Amino acid sequence: MRPRHLVMMSLGSAIGAGLFVGSGVGIAAAGPAVLLAYLISGAVILAVMRMLAEMVAADPNPGAFSYYAGKAMGQPAAFALGWLWWIEFCLVVAAEATAAAQYLNGIFPSVAPWVFALIAMVAFTASNLVHVGNFGELEFWFALIKVGFVVGFLILGAAFLLGLTSGTSPGLHNIVDVPFMPKGVSGVAGALLVVIFAFGGIELMAVAAAETADPQRSVAKAVRTILWRILLFYMGAVTVMLLVLPWDSPEIEQAPFVAVLNAAGFPALAAAIAVVIIIALLSSLNANLYGASRMIFSLAERGMAPAALHRTNSRGVPVSSVLATSVFGFVAVALNYFWGDAVLKALLNIVGSTLIVTWLAIIVSHLVLRRRAEREGTDLPLKMWGFPYLSWLTLAALLGIVVLGFTVPEVAAQLSATFLLTAALFVVGWLLDRRRISSAT
């Protein structure tokens, strides 16, 4: 893939349901202070991605954070993190196919959702079986559509607020004339939990970097451009929402983009938002299927998954890994046929807080590997800012978010399930590592 593919894939993976739906939930939780939650979350993600980029630039590998965890903390950690991420992202692929199918069924009610889910899984499994350059090009245009919509939304929102459209602009009234923290610190805390999860998927950049022409240059460019763009899109869009409508408007929580476009006098564009959401879901499905297949491929390469999953065809595509990853999605198609709407709810309940475990592992791996590189005098092409102080501060902030999460019953259940699954996988990885060592001796 080319650098632009990597940049747009990472950008597109972070612009999805978290922005189109989750932004409204965050506003409802904290009011205007949701911007503070975005700043905190953005700072944490910026630091985590810089740490990850340092490791990727020094040693690109499709196993990414699992591979670095193995170098820093041993093979059981690599096994646990790799399998956890693969399992969760297989479920995410299934959830995205199901969600896209439901949206399409809303537009074409005569076609059953399971048919759309089947078409999506067949199409995107096929796209992942072609040359990675073709895949990257497809994902580039998918992401560009999403980015173009958000940019258009920002322009139209600004035009409305400046009085350049037919509607009546509220000016700054909806922010200036209300308390900044209408629900206090607890509201900001609640929004923080919503916002932090919206950034999930951005770590896909590290998995894809190994298949770019120049990993060091590609990763450096991606990190420099992706994060500020995401913050601009997220915070810009949320600021427009807060200015156009009162923060406690029911329409904002339910469908923020639709509400703003209707208020600004663009009902036709508001009606098209369903199409954009479908594109966003299909784009994420495509990218996550790619990322998960490369993770299981890397695990097989390192002897932590069946060897058959490490085979590639003449184009360098790990066909068996792609097919194994898509299995969950095709199972979801069958479940959709029998149980319909209940499938998506079940999948969303199963998908846990994998990204929290992933980010914690990235920070710990970086702390260990950076110290090791300094002791050995290894030259690093890309370095984390303010090491080690900013790294430790980021770790403390992320642990604080975890503690905060345990105060919310639904989040606490997901965190607990994810941590237990991680621990179980670590034990399995440890037992397999012991057996490998015993066999070698």
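The name an unreviewed UniProt entry assigns to the protein chain is Amino acid permease, from the organism Arachnia rubra. According to the UniProt record, the Subcellular location (unreviewed entry) comment for the protein chain is "Membrane".

Sorry, what's going on with the overall build of the protein chain here?
Each helix and strand in the protein chain was counted, giving 21 helices and zero strands. Computed over C-alpha atoms, the radius of gyration of the protein chain comes to 22 Å, within 12% of the 22 Å expected from 2.2 N^0.38 for 441 residues, which places it in the range of a compact globule. In terms of its C-alpha atoms, the protein chain occupies a principal-axis envelope of roughly 75 × 55 × 40 Å. Taking all 441 residues of the protein chain together, 55% fall into the buried category. Of the contacts made within the protein chain by residues no fewer than 6 positions apart, 81% connect residues no fewer than 24 positions apart. For the protein chain, the exposed area adds up to about 17,700 Å²; of that, 69% sits on carbon and sulfur atoms.

Explanation requested: helix α16 (residues 273–301) in the structure shown.
Within an α-helix, residues lying three or four positions from one another point in the same direction, as the helix has 3.6 residues per turn. The first and last C-alpha atoms of α16 sit 42 Å apart over 29 residues, in line with the 42 Å expected at 1.5 Å per residue. Taking burial as the measure, the 29 residues of α16 include 26 buried ones, the bulk of the element. Positive phi shows up at Gly303, right after α16, with a value of about 75°.

Teacher, can you tell me more about the environment of His366 here?
Here His366 shows up in helix α19 (residues 354–376). Under the relative-accessibility criterion, His366 is labelled buried at 0%. Considered as a pair, His366 and Met51 are 315 residues apart in the sequence and their alpha carbons are 6.1 Å apart. A distance of 3.4 Å separates polar atoms of two side chains, one belonging to His366 and the other to Glu54.

Whenever I open this one, the nonpolar core confuses me. Can you help?
Looking at soluble globular proteins, one finds that nonpolar side chains tend to be buried together. Membership of the largest hydrophobic core comes to 144 residues, with the highest contact counts inside it found for Phe20, Val34, Phe153, Phe257 and Trp359. Setting aside its immediate chain neighbours within four residues, Trp359 contacts Ile45, Val48, Ile196, Phe199, Gly200, Glu203 and Leu398.

Just checking my understanding: could you explain the pattern of salt bridges for this structure?
Two side chains of opposite charge can pair, provided their charged atoms sit close to one another. Scanning the model with the defined rule gives six salt bridges in all. Ionic pairing is found between Glu54 and Arg370, a salt bridge with its closest N-O pair at 2.8 Å. With a gap of 316 residues between them, Glu54 in helix α4 (residues 34–58) and Arg370 in helix α19 connect regions that are remote in the sequence. The class of Arg370 is buried, set by a relative accessible area of 7%. The partner of Lys71 in a salt bridge is Asp59, and the shortest N-O contact between them spans 3.1 Å. Taken together, the residues Lys71 in helix α5 (residues 64–73) and Asp59 in the loop between α4 and α5 connect sequence positions twelve residues apart.

What is the right way to look at the packing of helix α7 (residues 113–128) against helix α17 (residues 319–339) in this model?
Axes are the key here: two packed helices are described by the angle between their axes and the distance separating the axes. α17 packs onto α7 with a crossing angle of 170° between their chain directions and a minimal axis gap of 8 Å. Considering their axes alone, α7 and α17 lie roughly antiparallel with respect to each other. Taking contact as the criterion, the partners of Trp114, Ala117, Leu118, Met121, Val122, Thr125 and Asn128 in α7 are, on α17, Val322, Leu323, Ser326, Gly329, Phe330, Val333, Asn336 and Tyr337. For the contact of α7 with α17, the per-class residue count stands at ten nonpolar, five polar and no charged.

What exactly am I supposed to notice about a nonpolar patch on the surface here?
Together, Leu36, Leu39, Ile40, Phe180, Met181 and Val185 make up a nonpolar patch on the protein surface, roughly 520 Å² of accessible area in all. For the nonpolar patch, the leading source of residues is α4, giving three residues. Residue position: Ile40 is located in helix α4. The class for Ile40 is partly exposed, based on a relative accessible area of 36%.

Would you mind showing me how to read the side chain of Ser321 here?
Relative to the elements of secondary structure, Ser321 occurs in helix α17. Not counting the four nearest positions on each side in its chain, Ser321 is found in contact with Ser293, Ile296, Phe297 and Leu309.

Would you take a moment to explain the environment of Leu118 for this structure?
The residue Leu118 is located in helix α7 in this model. Between the C-alpha atoms of Leu118 and Phe330, which are 212 residues apart in sequence, the distance is 6.9 Å. Those residues within four positions of Leu118 in sequence are excluded, and the remaining contacts are Phe330 and Val333.

Looking at this model, I keep getting lost on unusual backbone geometry. Mind explaining?
In most cases, non-glycine residues show a negative phi, while peptide bonds are predominantly trans. Each neighbour pair has its own omega, and for Phe387 with Pro388 the value is 5°, a cis peptide bond. Secondary-structure assignment places Pro388 in the loop between α19 and α20 (389–405). The backbone of Ala64 sits at a positive phi, close to 45°, despite the residue not being glycine. Take Ala64: it is sitting in helix α5.

Would you explain the packing of aromatic side chains in this entry?
Any aromatic ring pair is given by two values, namely how distant the centres are and how the planes are angled relative to each other. Counted by the stated rule, this structure contains 13 aromatic pairs. Aromatic rings pair up to connect Phe79, Trp83, Trp86 and Phe328 into one cluster. In this structure, Arg370 is placed above the aromatic ring of Phe387, and the distance from its NZ or CZ to the ring centre is 4.5 Å.

Just checking my understanding: could you explain α19 for this structure?
For α19, with 23 residues, the first-to-last C-alpha span of 32 Å sits near the 33 Å given by 1.5 Å per residue. Two residues or fewer past α19, Gly377 is found with a positive phi of approximately 70°.

It is not clear to me how the environment of Phe149 should be interpreted in this structure. Could you clarify?
Mapped onto the fold, Phe149 is located in helix α8 (residues 132–161). Assessed through its relative accessible area of 14%, Phe149 is described here as buried. With 120 residues separating them in the primary sequence, Phe149 and Leu269 have C-alpha atoms 9.8 Å apart. In this structure Phe149 touches Phe20, Phe257, Leu261, Ile273 and Val276, once residues within four positions along its chain are discounted.

Calculation rules
Residues numbered from 1 in each chain as written. Predicted model: local features only at pLDDT ≥ 70, side-chain atom pairs only at ≥ 80, totals over all residues. Heavy atoms only, no water. UniProt positions renumbered as here; feature names shortened; annotations may be inferred. Helix = DSSP H or I, 4+ residues; strand = E, 2+ residues; numbered from the N terminus. Rg over C-alpha atoms; globule rule 2.2 N^0.38 Å. Buried < 20%, exposed > 50% of the residue type's maximum accessible area, 1.4 Å probe, protein only. Contact = heavy atoms within 4.5 Å. Areas by Shrake-Rupley, 256 points an atom, 1.4 Å probe, with all protein chains shown as cover. Expected span 1.5 Å × (residues − 1). Polar contact = N/O pair within 3.5 Å; in protein donor to acceptor, adjacent residues only side chain to side chain. Core = buried A, V, L, I, M, F, W, Y, C linked by side-chain atoms within 4.5 Å. Salt bridge = Lys/Arg side-chain N within 4 Å of Asp/Glu carboxyl O. Axes fitted to C-alpha atoms, helices over the stretch in contact; angles between N-to-C directions. Parallel < 35°, antiparallel > 145°, perpendicular 65-115°, else oblique. Nonpolar A, V, L, I, M, F, W, Y, C, P; charged D, E, K, R; others polar. Patch = residues over 30% accessible without salt bridge, like charges linked within 9 Å, V, L, I, M, F, W, Y side chains within 5 Å. Phe/Tyr/Trp six-rings, centres within 6.5 Å; stacked < 30°, edge-to-face > 60°. Lys NZ or Arg CZ within 6 Å of the ring centre and 35° of its normal.

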